[in-house]
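Reading the structure
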Amino acid sequence: MAGTSGCLDLLLGSGAGGGIGSIDNAAGDVPTAINPENYTQYFNEVVDATTVGADPTGETPIDGVLNSYAQPGTLLVFPEGTYTIATPFRHTGGGNIGIIGQNATLRHANVDAIQGHTITSGEFRGSSIMFAIGRASSPHTGTLVLGGFTVDDREENHGMQLLRLYTTGLADIRNIRFIGRQDLGTRGPFRALTRADDALAIFANIDMRYGARHFAHTINDRGGGRSAASWSTSGFTIGSSMSGTMLLENVICGAFPDNGLYLKGGLPSNNVGRKILRNCTTANSNVANIRVNSGDDWVPHPLIDGEDGTPAEGYERTVVENCRVIIDQARDPVVFSTQRGIRLDDGNPLLRDTSVEIHQANGHGINVQASTNGATVERCRVDLYEPEIGIRVTGTNPELLENNVNLHGFTGGTVVSGVSAGRGVAVNRVTQSTTESQS
């Protein structure tokens, strides 16, 4: 793979996500266990949660166990079983926090009514978050390890944010599978933000293939009806004033009514760090399935770049690589009004070795926004099965290299906008047996 760092490969392994057609039938699974021995250097003791009162049948909530034992210096391990959370677990300040499962299942307590992001009736109490680590005004300063769980959202009126994270340290979040489409109309599974130039957050082996419903199709009383945006009901969001590095590897993301993987962190007027997305598969989200920007508010991290203090070759900026986007289901023409493939915002992000398939046209394949300067699209492929713009460029100083837009079963129309076909983009007409260049 072009530009791959040996250090990065060693950290992550191969981790390929596997191909999918319709996101509901996605192939390939993620592991749902974590070996505690991999993290003993961060913790003074390892505690089996069931030995200190955690109920593996799911009948009694584990809030008391979390509050007592998910404390700095302790790695809290949940063996196989089902565990219920009835209030958000919150931790602020420093220290190393570890909450891991070994093929364990998490669920939140039942919700009878919700307004916006607050549960107003039911067994769950408080804000619609299961784990809140750090605050915007006071980020977590240590190491966070979280994962090894299946999150069960199959019951009616289930599905809220698993993790809200603000960190200036290291976060390792991995091996998490969500089952069932989230239908509370609230925040999506993850909101995470690194808040220091040398901070690093890793999200690896995450399966969110079932997506979430727009709030208008849930019990959530957010107001505005079907035409209103379901803000924050995204698979993954970050936020403003992001600095440091965020790495997503082997993330499977289904249809969310806001964005899929929304890693536009900050604006050029404040802080924008580095994002690396590798081997991710996304499908059918509204607005954009992958959305990133790039900035200079980061420094090399030894887990990504090596020990010599220089960036890994090919990762000197935000990079999206070896990803796959599929648009094959327009779930609702009102609430899923624009299903773009990939959107490059702000700065000079690099998109390479990535494919976009549009089977039901409802948005451009790749958008290089006007706010970019020096964005690169390299060795990417857009397959259009209905008339649509495959690649649209409005940014300054774009670089397009060896890209292809393939037309399946139709000819004509505008399929490349803002850059002449042949200038780094070949347009091809695909038949059952041949591919004919149109450039």
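Structure shown above.
Here is a short report on the structure shown in this document.

Definitions and cut-offs
- Residues numbered from 1 in each chain as written.
- Predicted model: local features only at pLDDT ≥ 70, side-chain atom pairs only at ≥ 80, totals over all residues.
- Heavy atoms only, no water.
- Helix = DSSP H or I, 4+ residues; strand = E, 2+ residues; numbered from the N terminus.
- Buried < 20%, exposed > 50% of the residue type's maximum accessible area, 1.4 Å probe, protein only.
- Areas by Shrake-Rupley, 256 points an atom, 1.4 Å probe, with all protein chains shown as cover.
- Pairing = 2+ DSSP bridges.
- Right-handed = clockwise from strand over helix to strand, strands pointing away.
- Polar contact = N/O pair within 3.5 Å; in protein donor to acceptor, adjacent residues only side chain to side chain.
- Contact = heavy atoms within 4.5 Å.
- Salt bridge = Lys/Arg side-chain N within 4 Å of Asp/Glu carboxyl O.
- Phe/Tyr/Trp six-rings, centres within 6.5 Å; stacked < 30°, edge-to-face > 60°.
- Lys NZ or Arg CZ within 6 Å of the ring centre and 35° of its normal.
- Core = buried A, V, L, I, M, F, W, Y, C linked by side-chain atoms within 4.5 Å.

1. Here we look at the overall build of the chain
From N to C terminus, the chain includes 3 helices and 33 strands. A buried classification covers 60% of the 439 residues belonging to the chain. Surface accessibility of the chain: about 15700 Å² in total, with carbon and sulfur atoms responsible for 43%.

2. Topic: the sheet that holds strand S6 (residues 111-115)
Read across the sheet, 3 strands follow the order S6-S7-S8 without closing on themselves; strand pairing throughout is antiparallel. Of all strands in the sheet, those with a lone pairing partner are S6 and strand S8 (126-127), marking the two edges.

3. Here we look at unusual backbone geometry
Of note in this structure, Asn 205 is not a glycine but carries a positive phi near 60°. You can see Asn 205 is positioned in strand S13 (residues 190-208). Phi is positive for Arg 379, close to 55°, though the residue is something other than glycine. Among the structural elements, Arg 379 can be located in the loop between strand S26 (376-378) and strand S27 (381-384).

4. Remarks on the pairing of strand S1 (residues 45-48)
Pairing geometry for S1 and strand S2 (residues 74-78), over 4 bridges, is parallel. Bridge pairing links Val 47 to Leu 76 in S2. Each parallel crossover has a hand, and the one from S1 via helix H2 (residues 63-69) to S2 is right-handed.

5. As for the pairing of S6
Direction of pairing for S6 relative to strand S7 (residues 118-122): antiparallel, over a ladder of 4 bridges. Counterpart to Ala 113 in the pairing with S7 is Ser 121. A loop of 2 residues connects S6 with S7, the two strands running antiparallel in sequence, and Gly 116 in this loop sits at a positive phi of about 65°.

6. Observations concerning the side chain of Thr 167
Mapped onto the fold, Thr 167 is located in strand S11 (residues 161-167). One polar contact links the side chain of Thr 167 to the main-chain carbonyl oxygen of His 140, over a distance of 3.4 Å. With residues near it in sequence (within four places) discarded, Thr 167 still touches Pro 139, His 140, Gly 142, Leu 193, Thr 194, Arg 195, Ala 196 and Ala 199.

7. Describing the pattern of salt bridges
Enumeration over the complete set of coordinates arrives at 16 salt bridges. The salt bridge partner of Glu 321 is Arg 278, with a shortest N-O separation of 3.2 Å. In this pair, Glu 321 sits in strand S20 (residues 319-321) while Arg 278 sits in strand S17 (residues 274-278), placing the two residues 43 residues apart along the sequence. Each of the two residues, Glu 321 as well as Arg 278, counts as buried. What emerges from the salt-bridge pattern is a single network uniting Lys 264, Arg 291, Arg 343, Asp 345 and Asp 346.

8. Describing the packing of aromatic side chains
For the coordinates displayed, the defined rule picks out 9 aromatic pairs. Ring plane angle 75° and centroid distance 5.5 Å describe the contact between Phe 190 and Phe 203, whose orientation is recorded as edge-to-face. The rings of Phe 178, Phe 190, Phe 203 and Phe 236 are connected pair by pair, giving a single aromatic cluster. In this arrangement the basic side chain of Arg 274 is found over the ring face of Trp 298, its NZ or CZ atom lying 3.9 Å from the centre.

9. Comments concerning the nonpolar core
By size, the foremost hydrophobic cluster in this structure holds 88 residues, and its most contacted members are Phe 78, Phe 190, Phe 203 and Leu 261. In terms of residues, this core owes the most to one element, S13, which gives 7 residues. Excluding its chain neighbours within four sequence positions, the residues that come into contact with Phe 190 are Gln 161, Leu 162, Leu 163, Ile 173, Ile 176, Phe 178, Phe 203, Ile 206, Met 208, Gly 235, Phe 236 and Thr 237.

10. Details of the side chain of Asp 346
Inspection of the secondary structure puts Asp 346 in the loop between strand S22 (339-344) and strand S23 (350-352). Of note is the side chain of Asp 346, whose polar atom sits 3.2 Å from the side chain of Asn 293. A polar contact is formed between the side chain of Asp 346 and the side chain of Ser 371, at a distance of 2.9 Å.

Fair warning: the whole summary comes from geometry, so function is off the table for now.
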